Amino acid sequence: MHVPDGFINAPVSAAAGVVAAGAVAAGLRGARRELDERTAPLAGLVAAFIFAVQMLNFPVAAGTSGHLLGGALAAILVGPWTGVLCIAVVLLMQGILFADGGLTALGVNITVMGVVTVVVAYALFRGLVLVLPRTRRSVTVASFAAALVSVPAAAAVFTLIYAIGGTTDVPVSKVLTAMVGVHVLIGVGEAVITMLTVGAVVAVRPDLVYGARGLTAPLKLRVDGELIDATPAPVAARPPKKLWIGGLVTALVLAGFVSFYASASPDGLEKVAADKGIDTKAEDHAAADSPLADYGVKGIEAPRLSGGLAGVIGVGATLAVGTGAFWIVRRRKTAVNA
């Protein structure tokens, strides 16, 4: 759902940029409450992992593919405020390095793919967790539903933005029907990926999953006929080194190797744009001549090597920028609390 330059006019793109900037500023403030010495290193990894998985387009219908948006996954793993920042970092890296998603449309993309998906997914996730049994399985079930709904919600908001500032004269009703229809199917893939990833982390380190905090009732011990709170085991204090290394290796393998087998069909927005004619005024990307444009390394002719190397570079760049940003947020939190 990366919106290219030229789909949305300049005034509306600028307005979306203001909304996105405000969301990022709020995220920087809110992330101070979500990140600690255990979770801050994971936030950069979450951004890098989402970058890697977004390279894996999967087929959803005849001639159409989809890929992870990641807002639900990020919000559940590291918190909604930090989740917005994770998606913003991913979109920034994709736009600057890989010419994926317009630079003038960056505000639109952050608003649609970051803010909307995070808000919708986390609100639904928290509501479901409150009414479902307090178990780890409930967390994975809620993550599936939250991710599923977040994708067509983002498609609907894009249609609203297009209705206000679209550069082509296509009936909004046709765009809405096509966008929501195909993105419901993409949402199923998003939901499966989110559920499996959240379930895997919950199974290994539930204490690191933001959405699972407070899930387990405090352990009680009966002493002299009275129930008292037991001192929790120090498992949460263990640094997540194994999880971090495992996640990084997984991201590198997905981006560097598995991405070669991703579907080459246009994604949901590209397909709808071509079918309905909303791409007639699309503009060339400002970074089209980037050495990494279109997820390949310029000068390397072998497609497998070129794409794989570009994916590895993207994971590394996203990890570095994300980790640096979240480290600064955590340091500011420490300074404020000092």
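As a starting point, this report considers the structure included with it.

Cut-offs applied
Counting restarts for each chain: residues are numbered from 1 in the order of the written sequence. It should be noted that, the model being predicted, local features are given only for residues of pLDDT at least 70 and side-chain atom pairs only at 80 or more, the latter also being counted only at that level, while totals for whole chains, interfaces and linings use all residues. Here the side-chain values reflect all heavy atoms present in the structure, with hydrogen atoms and water set aside. Elements are defined by DSSP. Helices are runs of H or I of four residues or more, strands are runs of E of two residues or more, and each kind is numbered from the N terminus. Based on C-alpha atoms, the radius of gyration is set beside the globule rule, defined as 2.2 Å times the residue count to the power 0.38. Relative accessibility decides the category of a residue: with a 1.4 Å probe and only protein chains considered, values under 20% of the type maximum give buried, values over 50% give exposed, and everything between is partly exposed. Contacts are assigned to residue pairs that have any heavy atoms within 4.5 Å of one another. Working convention for charge: Lys and Arg count positive, Asp and Glu count negative, and His plus the chain ends are omitted. A single reference atom marks each charge: NZ on Lys, CZ on Arg, CG on Asp, CD on Glu. Each aromatic pair joins two rings of Phe, Tyr and Trp (for Trp, the six-membered one) with centres within 6.5 Å, and gets the label stacked for planes under 30 degrees apart, edge-to-face for over 60, and tilted for any other angle. Any Lys NZ or Arg CZ found within 6 Å of a ring centre and within 35 degrees of that ring's normal is scored as a charge over the ring. Axis definition: a line fitted to C-alpha atoms, limited for helices to the stretch in contact. Angles are taken between N-to-C directions and run from 0 to 180 degrees. Put simply, angles under 35 degrees are roughly parallel, angles over 145 are roughly antiparallel, angles from 65 to 115 are roughly perpendicular, and the rest are oblique. Left-handed describes a crossing in which the near helix is turned anticlockwise from the far one by less than a right angle; the clockwise case is right-handed. Amino acids outside the nonpolar list (Ala, Val, Leu, Ile, Met, Phe, Trp, Tyr, Cys, Pro) and the charged list (Asp, Glu, Lys, Arg) are all regarded as polar, and Gly is one of them. Only residues whose relative accessible area exceeds 30% and that form no salt bridge are eligible for patches; like-charged ones are grouped when within 9 Å, while nonpolar side chains (Val, Leu, Ile, Met, Phe, Trp, Tyr) are grouped when within 5 Å. Here, Shrake-Rupley sampling with a 1.4 Å probe gives the accessible areas, and only protein chains in the shown set may cover a residue. Salt bridge, as used here, is a side-chain nitrogen of Lys or Arg placed within 4 Å of a carboxyl oxygen of Asp or Glu. Taking the helix axis as origin, the arc is that swept by the directions to the C-beta atoms. A helix's residues, less one, multiplied by 1.5 Å, set its expected span. Should DSSP find at least two bridges between two strands, the strands are taken to pair.

### Comments concerning the overall build of the chain
Alright, step 1. When helices and strands are tallied, the chain shows ten helices and four strands.
Alright, step 2. Written out in order from the N terminus, the α and β elements of the chain read α-α-β-β-α-α-α-α-α-β-β-α-α-α.
Alright, step 3. The C-alpha atoms of the chain give a radius of gyration of 20 Å, which matches the 20 Å a tight globule of 338 residues would have.
Alright, step 4. Taking the principal axes of its C-alpha atoms as reference, the chain extends roughly 80 × 45 × 40 Å.
Alright, step 5. When burial is assessed residue by residue, the chain has 49% of its 338 residues classed as buried.
Alright, step 6. In the chain, the share of contacts with a sequence separation of at least 24, taken over all contacts with a separation of at least 6, comes to 81%.
Alright, step 7. On the chain, the mean spot of the 25 positive side-chain charges and the mean spot of the 20 negative ones are 12 Å from each other.

### Some thoughts on the environment of Met55
Alright, step 1. In this fold, Met55 is placed in the loop between helix H2 (40-54) and strand S1 (58-61).
Alright, step 2. The exposure class assigned to Met55 is buried, which follows from its relative accessible area of 13%.
Alright, step 3. Between the alpha carbons of Met55 and Gly165 there is a distance of 29 Å; along the sequence they are 110 residues apart.
Alright, step 4. In this view, Met55 contacts Ala255, Ser259, Ala262, Tyr295, Gly307 and Gly311; residues no more than four positions away in its chain are not counted.

### Some words on the packing of aromatic side chains
Alright, step 1. According to the stated counting rule, one finds eight aromatic pairs in the structure shown.
Alright, step 2. With 6.3 Å between their ring centres and 45° between their planes, Phe51 and Tyr295 make a pair best called tilted. Of this pair, Phe51 sits in helix H2 while Tyr295 sits in the loop between helix H9 (268-276) and helix H10 (303-337), and the two are 244 residues apart along the sequence. Like Tyr295, Phe51 is buried.
Alright, step 3. Ring centres of Phe260 and Tyr261 lie 5.4 Å apart, and the angle between their planes is 90°; this geometry places the pair in the edge-to-face category.
Alright, step 4. The class of Phe260 is partly exposed, set by a relative accessible area of 37%.
Alright, step 5. According to the relative accessible area criterion, Tyr261 is exposed, its value standing at 52%.
Alright, step 6. Its guanidinium or amino end placed over the ring of Phe260, Arg304 lies 4.1 Å from that ring's centre, counting from NZ or CZ.

### Quick notes on the packing of helix H3 (residues 71-78) against helix H4 (residues 80-98)
Alright, step 1. For the pair H3 and H4, the least separation of the axes is 7 Å and the interaxial angle reads 135°. Relative to H4, H3 is oriented oblique. Of the two possible hands of crossing, H3 and H4 adopt the one that is right-handed. Residues Gly71, Ala74, Ala75 and Val78 of H3 form the contact with H4, whose own contacting residues are Pro80, Thr82, Gly83, Cys86 and Ile87.
Alright, step 2. Of the residues in the contact of H3 with H4, the class split is six nonpolar, three polar and no charged.

### What to know about a nonpolar patch on the surface
Alright, step 1. Together, Ile245, Val249, Val253, Phe257, Val258, Phe260 and Tyr261 make up a nonpolar patch on the protein surface, roughly 640 Å² of accessible area in all.
Alright, step 2. Along the chain, Val249 falls in helix H8 (residues 241-256).

### Overview of unusual backbone geometry
Alright, step 1. Positive phi outside glycine occurs at Asp294, with the angle close to 60°.
Alright, step 2. Structurally, the position occupied by Asp294 is in the loop between H9 and H10.
Alright, step 3. Even without a glycine there, the phi angle at Tyr295 is positive, about 60°.

### Considering H9
Alright, step 1. Of the residues making up H9, those classed as buried are Gly268, Leu269, Val272 and Ala273. All buried residues of H9 project into a common sector of 125° when viewed along the axis, lining one side.
Alright, step 2. Residues of H9 that are buried in the fold lie against strand S2 (64-66), helix H6 (136-165) and helix H7 (172-204).
Alright, step 3. In the stretch just after H9, Gly277 is the one whose phi turns positive, near 85°.

### Some thoughts on H4
Alright, step 1. Spanning 19 residues, H4 covers 26 Å between terminal C-alpha atoms, matching the ideal 27 Å at 1.5 Å per step.
Alright, step 2. Following H4 by one or two positions, Ala99 has its phi on the positive side, about 55°.

### Quick word on the pattern of salt bridges
Alright, step 1. For the structure shown, the criterion picks out three salt bridges.
Alright, step 2. As a salt-bridge pair, Asp207 and Arg205 come within 2.8 Å of each other at their nearest N and O atoms. A single burial state applies to Asp207 and to Arg205, both of which are buried.
Alright, step 3. Measuring nitrogen to oxygen at the nearest pair gives 3.9 Å for the salt bridge that ties Asp275 to Lys271.

### Focus on the pairing of S1
Alright, step 1. Examined bridge by bridge, S1 and S2 share three bridges and lie antiparallel to one another. Counted as the bridge partner of Pro59 is Ser65 from S2.
Alright, step 2. Counting the residues that bridge the hairpin from S1 to S2 gives two residues, and of these Gly63 lies at a positive phi of roughly 75°.

### Side note on the side chain of Thr82
Alright, step 1. Residue placement: Thr82 occurs in helix H4.
Alright, step 2. With residues up to four places along the chain from it excluded, the contact list for Thr82 reads Ala31, Glu34, Leu35, Ala43 and Phe326.

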